[in-house]
Amino acid sequence: MKPGVGDVDRHIGARLKLRRQQRGLTQRDVGRAAGVSCQQVQKYEAGANRISASMLWHLANALNTPVTYFYRDLGDDSHFAKAALEAKDISRRELNFLSNFRAMPETYQDSVRSLVKLLRST
């Protein structure tokens, strides 16, 4: 671990990777939109490099995501490990589902949510 890079940086990096994957974008796509190389995006996602406030703003815009998304659940120490696992283990199938879900009209999304709740309770 590089000096100065800690749990918060790894948390933000894991959230960056998760959101990028949810959006179906490559590291190159995000890097181009934010004005950095795909290697730099990879370092940010791994928590190897700290993301400056201005770069986080550019990355959030590239991902059409509020900056606050990257700080979500930061107060829960157990979440650091969970966020890293989620970023690594999200499957293509889940990404495809998320992409299709986001493309649905809001009323259909509500119906899918209701169905999932119903199935989960059985």
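Residues numbered from 1 in each chain as written. Predicted model: local features only at pLDDT ≥ 70, side-chain atom pairs only at ≥ 80, totals over all residues. Heavy atoms only, no water.

1. Side note on the environment of Arg50
Okay, step 1: Within the fold, Arg50 resides in the loop between helix 3 (38-46) and helix 4 (53-62).
Okay, step 2: Note: C-alpha distance between Arg50 and Arg10 (40 residues apart in sequence) is 8.5 Å.
Okay, step 3: Separated by 3.1 Å, the side chains of Arg50 and Asp9 make a polar contact. (Helix = DSSP H or I, 4+ residues; strand = E, 2+ residues; numbered from the N terminus. Polar contact = N/O pair within 3.5 Å; in protein donor to acceptor, adjacent residues only side chain to side chain.)

2. Observations concerning unusual backbone geometry
Okay, step 1: The backbone phi angle of Asn64 is positive, close to 50°, even though this residue is not glycine.
Okay, step 2: Considering the arrangement of structural elements, one finds Asn64 in the loop between helix 4 and helix 5 (77-89).
Okay, step 3: Under the relative-accessibility criterion, Asn64 is labelled exposed at 63%. (Buried < 20%, exposed > 50% of the residue type's maximum accessible area, 1.4 Å probe, protein only.)

3. A word on the side chain of Arg20
Okay, step 1: Relative to the assigned elements, Arg20 resides in helix 1 (residues 7-22).
Okay, step 2: The contact partners of Arg20, leaving out residues within four places of it in the chain, are Leu25, Thr26, Gln27, Val30, Glu45 and Leu63. (Contact = heavy atoms within 4.5 Å.)

Just geometry here; none of it tells us what the structure is for.
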